[in-house]
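Breakdown of the fold
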Amino acid sequence: MKINIQKLEGTEFQRKVWGAISKIPKGKTVTYKELANKIGRPLAVRAVGNSVGTNPFPVVIPCHRVLRSDGSLGGYSGRGGAKTKRMLLIKEGVYF
C-alpha cells in the first residue's frame, strides 16, 4: 500500500516526520533523535516522538522502526502496542 504523505491530515511537521519514517528500510531502525536530525530539527526530539505517536497508518508508515536512544522499544500506537512493535521488528530480522 502506497500513501501520499502530503495528502494526510496533520501538520507540516507531522507529515515531514511521517515522510522520513517511510524511508526507513525494512530491517533497519533509527532513534527518535536520528529521526529529528534527518528532518533538520535536531532539538525537536520530543516533538518527533509525539508525531510518531500520531501516525495515522502504523505498519504502512513503519513507525515500529523508531526506537529510543538507549535501544529500547518505546511506545507503539498501533494495535497491540509494544508487543506488536517487537513482533514486527523480529519479523523484519531486527533482534534485541
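Please refer to the structure placed before this passage.
This one's a predicted model, so the numbers in the text were calculated from it and none came from an experiment.

Rules and cut-offs
- Residues numbered from 1 in each chain as written.
- Predicted model: local features only at pLDDT ≥ 70, side-chain atom pairs only at ≥ 80, totals over all residues.
- Heavy atoms only, no water.
- Helix = DSSP H or I, 4+ residues; strand = E, 2+ residues; numbered from the N terminus.
- Contact = heavy atoms within 4.5 Å.
- Core = buried A, V, L, I, M, F, W, Y, C linked by side-chain atoms within 4.5 Å.
- Buried < 20%, exposed > 50% of the residue type's maximum accessible area, 1.4 Å probe, protein only.

As a further point, take the environment of Ile24. In this structure, Ile24 sits in the loop between helix 1 (12-22) and strand 1 (30-31). Along the chain, Ile24 and Arg65 lie 41 residues apart, while their C-alpha atoms are 7.2 Å from each other. Setting aside residues no more than four positions away along its own chain, Ile24 makes contact with Thr29, Val30, Pro62, Arg65 and Val66.

Let us now look at the environment of Leu73. Structurally, Leu73 is set in the loop between strand 2 (66-67) and helix 4 (81-91). Each C-alpha atom, one on Leu73 and one on Lys83, is 9.4 Å from the other, the two residues being 10 residues apart in sequence.

Now for the nonpolar core. Across soluble globular proteins, you tend to see nonpolar side chains buried next to one another. Membership of the largest hydrophobic core comes to 22 residues, with the highest contact counts inside it found for Val17, Trp18, Ile21, Leu35, Val48, Val52 and Val66. Looking at this core, the elements with two or more residues in it are helix 1, helix 2 (32-38) and helix 3 (45-53). If you tally residues by element for this core, the top one is helix 1, at 5 residues. Contact partners of Trp18, with chain neighbours within four places excluded, come to Ile5, Leu8, Glu9, Gly10, Ser51, Thr54, Asn55, Pro56 and Ile61.

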